[in-house]
Amino acid sequence: MTYKYKLQNIFKIVPILFLLVSCGYKSEFEALQACEEWASKQEDIYLITYNFVTRKEPTVGGVGTAKCRKDGKDTRKILGLKLNRKNYGSKEFPVGDTKYWNLIFSDENFKVIKRFRY
């Protein structure tokens, strides 16, 4: 193999590597917008809310199961987190006791699904 042939292969690979490394969003704002758009498309968990002041009928409302969070202060990533509970809070069987809401929405129940680099 000649030196010229090796050099030609390197020149073919460098642009491909440059394209792979430069993938991402141009700013933190754009990455956060993309993450929030992704999070809004995820399914909801349904909760029963009671209004103890007016004592009206309880209502069932949907709450998003995905959220966005910046990954530390030194990294340039926004994490797309999704609730790791499958059969909890469906429209037919909503979660009714408010004392469990903090357990359901605690940080350890979320799993990183997508990363939005900027």
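Before reading further, recall that the structure is shown in the block above.
Definitions and cut-offs
Residues numbered from 1 in each chain as written. Predicted model: local features only at pLDDT ≥ 70, side-chain atom pairs only at ≥ 80, totals over all residues. Heavy atoms only, no water. Helix = DSSP H or I, 4+ residues; strand = E, 2+ residues; numbered from the N terminus. Buried < 20%, exposed > 50% of the residue type's maximum accessible area, 1.4 Å probe, protein only. Areas by Shrake-Rupley, 256 points an atom, 1.4 Å probe, with all protein chains shown as cover. Salt bridge = Lys/Arg side-chain N within 4 Å of Asp/Glu carboxyl O.

Engineer: How would you sum up the overall build of the chain? Please name residues and give values.
Structural biologist: Looking only at helices and strands, the chain has three helices and five strands in total. Seen in sequence order, the chain has helices and strands lined up from the N terminus as α-α-β-β-β-β-α-β. By residue count, 24% of the 118 residues in the chain fall in the buried class. Roughly 9500 Å² of accessible area belongs to the chain as shown, and the carbon and sulfur atoms make up 56% of that amount.

Engineer: An account of the pattern of salt bridges is needed here, citing residue identities and associated values.
Structural biologist: In total, this model carries six salt bridges according to the counting rule given. A salt bridge links Glu37 to Lys41, with the shortest nitrogen-to-oxygen separation between them at 3.6 Å. Overall, Glu37 belongs to the partly exposed group, its relative accessible area being 47%. Given the relative accessible area of 62%, Lys41 is considered exposed. In the salt-bridge network here, residues are joined through shared partners; they are Lys67, Arg69 and Asp107.

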